[in-house]
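Remarks on the overall topology
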Amino acid sequence: MYELILFNDSKNSIEDVMIGLTEILGHGNFQAEQCACITHHNGKCSIKIGKKQDMVKACYSLMQYGLNVKISKRQVIA
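Residues numbered from 1 in each chain as written. Predicted model: local features only at pLDDT ≥ 70, side-chain atom pairs only at ≥ 80, totals over all residues. Heavy atoms only, no water.

What follows covers the packing of helix α1 (residues 14–25) against helix α3 (residues 52–65). In a packed pair of helices, the relevant descriptors are the angle between the two axes and the axis-to-axis distance. For the pair α1 and α3, interaxial distance at closest approach is 10 Å and the crossing angle is 145°. Along this stretch, α1 crosses α3, giving a crossing that reads as right-handed. Here Asp16, Ile19, Gly20, Ile24 and Leu25 of α1 come into contact with α3, specifically with Ala58, Ser61, Leu62 and Tyr65. For the contact of α1 with α3, a count of residues per class yields 6 nonpolar, 2 polar and 1 charged. (Axes fitted to C-alpha atoms, helices over the stretch in contact; angles between N-to-C directions. Helix = DSSP H or I, 4+ residues; strand = E, 2+ residues; numbered from the N terminus. Left-handed = near helix turned anticlockwise from the far one by under 90°. Contact = heavy atoms within 4.5 Å. Nonpolar A, V, L, I, M, F, W, Y, C, P; charged D, E, K, R; others polar.)

A few words on the sheet that holds strand β2 (residues 44–50). The sheet built from 3 strands is open, its strands ordered β2-β1-β3 with antiparallel pairing. The outermost strands of the open sheet, each flanked by one partner alone, are β2 and β3 (68–73). Each adjacent strand pair in this sheet contributes to an overall mean axis angle of 30°, direction not counted. Two strands pair when backbone bridges link them, and strand β1 (residues 2–7) and β2 are joined in this way by 6 bridges, in the antiparallel orientation. (Pairing = 2+ DSSP bridges.)

The subject of this paragraph is the nonpolar core. Leu4, Leu6, Leu21, Ile47, Leu62 and Val69 are the most contacted members of the largest nonpolar core, which has 16 residues in total. Elements that contribute at least two residues to this core include exactly β1, α1, α2 (29–42), β2 and α3. (Core = buried A, V, L, I, M, F, W, Y, C linked by side-chain atoms within 4.5 Å. Buried < 20%, exposed > 50% of the residue type's maximum accessible area, 1.4 Å probe, protein only.)

And the structure:
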């Protein structure tokens with residue numbers, strides 16, 4: 001499993017991030033707001049988990065939208 005991580009930047013507002021997460025990832029308004037706020041305060045937030053090919057598609061779309069995202073292999077905690 002892989003995760004898509006959103007990083008804070010100085011060019012996108014919280015509202016911009018929320019719009020991207022709802023339109024591209026299908027997040028609900030509350031989920032998008034929570035992810036945007038966590039990213040703003042902590043510098044990053046895991047916004048989606050899934051198969052690598054799904055993460056690549058979502059990552060590309062979010063990057064085209066202007067968000068700072070990357071794919072990371074998910075840590076397995078035993």
